[in-house]
Amino acid sequence: MSGKAGKICTIAVLAMWIVLQLYTNAVTFFERFYYTYSDRTWIALGLWILSILVLNVLLYFWGSGKLLCKLKWWWAICCLFSMVMPIIFLLGERLNGAVDGVGILLGAFVMPLFQYGALSWLALGQRISIRIVFCIGCLGGGLLCLVQSAYIAWLRRRAKTRGETADGPVDPGAAAVESGL
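Computed from a prediction, not measured in an experiment: that's the story for all the values here.

Within the fold, Thr10 resides in helix 1 (residues 3-31). Contacts of Thr10, omitting those with residues within four sequence positions, involve Leu55, Leu58, Leu59, Trp62 and Leu67.

Laid out in structure tokens, this is it:
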């Protein structure tokens, strides 16, 4: 695949991942209230995970500096938010749910928290309360976000060593042109 076709493919997979991110977040958010998840949810979560893996491979070969910089910060913020979210949920239990609504609104539909909650529910089953399972999922998701952020940061550093800045590739032979005022 040529460089231009690879970049177009990377942008297409990124767009697919964003759509799957929003869709799976909405589905897992609303099905969480029923203490169960449907087959449609598991298929969407599988496609979401697959899209992340494919995006990582494509970013390795065709990731631009600007895109990598934005994704690095997005995953870092997801990691931080995933680590804080269980505290918000546990405070919500102590304060009769007053803080819980704020936490859900902050995390809903943007961060992958509800996906991690659903995956931890699958791993732990119905043995524990869904709130505790969700907190465990957030912490596990935070670790996965940290790994993803470190991978994207490594790709970004790799792009810098190849001479690519956040604004795109730099031609090392290009000289600065000054105006003759």
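Attention shifts here to the side chain of Thr28. Within the secondary structure, Thr28 is located in helix 1. One polar contact links the side chain of Thr28 to the main-chain carbonyl oxygen of Thr24, over a distance of 2.6 Å. From its side chain, Thr28 meets the backbone oxygen of Asn25 in a polar contact 3.3 Å long. Once you skip the residues sitting within four places of it in the chain, Thr28 turns out to touch Tyr37, Thr41, Leu45, Phe114, Gln115 and Ala118.

Here Ile52 shows up in helix 2 (residues 39-62). The buried category is assigned to Ile52, whose relative accessible area is 11%. As for Ile52 and Leu14, which are separated by 38 residues in sequence, their C-alpha atoms are 8.5 Å apart. Once residues within four sequence positions are removed from consideration, Ile52 is found in contact with Trp17, Trp75 and Gln148.

The next subject is the nonpolar core. If you look at the biggest cluster of nonpolar residues, it comprises 37 residues, and the most contacted ones within it are Trp17, Leu59 and Trp75. Of all the secondary-structure elements, those providing two or more residues to this core are helix 1, helix 2, helix 3 (65-94), helix 5 (113-124) and helix 6 (130-161). Examining the composition of this core, we find that 10 residues originate from one element, helix 3, more than from any other. Not counting residues within four places of it along the chain, the set of residues in contact with Leu59 comprises Thr10, Leu67, Leu68, Leu71, Ile152 and Leu155.

Tallied over the entire structure, the rule returns eight aromatic pairs. Measuring from ring centre to ring centre gives 5.7 Å for Phe61 and Trp62, while their planes differ by 50°; the resulting arrangement is tilted. By the ring-pair criterion, three or more aromatic residues cluster together here, those being Tyr60, Phe61, Trp62, Tyr151 and Trp154. Against the face of Tyr60 rests Arg158, its NZ or CZ located 4.2 Å from the ring centre.

Cut-offs and rules
Numbers given for residues are sequential positions, taken from 1 along each chain in its written order. Reporting of local features is limited, given that this is a predicted model, to residues whose pLDDT is at least 70; pairs of side-chain atoms are given and counted only at 80 or more, and all residues count toward the totals for whole chains, interfaces and linings. Only heavy atoms go into the side-chain values, all of them from the structure, while hydrogens and water stay out. The helix count covers DSSP runs of H or I at least four residues long, the strand count covers runs of E at least two residues long, and both are numbered beginning at the N terminus. We call two residues in contact when some of their heavy atoms are within 4.5 Å. Polar contact is the term for a pair of N or O atoms within 3.5 Å; when the atoms are in protein, one must be able to donate a hydrogen and the other to accept it, and sequence-neighboring residues count only if both atoms are side-chain atoms. Three exposure classes are used, based on accessible area relative to the maximum for each residue type with a 1.4 Å probe and protein chains only: buried under 20%, partly exposed in between, and exposed over 50%. What is meant by a nonpolar core is a set of buried Ala, Val, Leu, Ile, Met, Phe, Trp, Tyr and Cys residues, joined one to another through side-chain atoms within 4.5 Å. We call Phe, Tyr and Trp rings a pair once their centres come within 6.5 Å, taking the six-membered ring for Trp, and we label the pair stacked below 30 degrees between planes, edge-to-face above 60, and tilted otherwise. Geometrically, a lysine NZ or arginine CZ counts as sitting over a ring once it is within 6 Å of the ring centre and also within 35 degrees of the ring normal.

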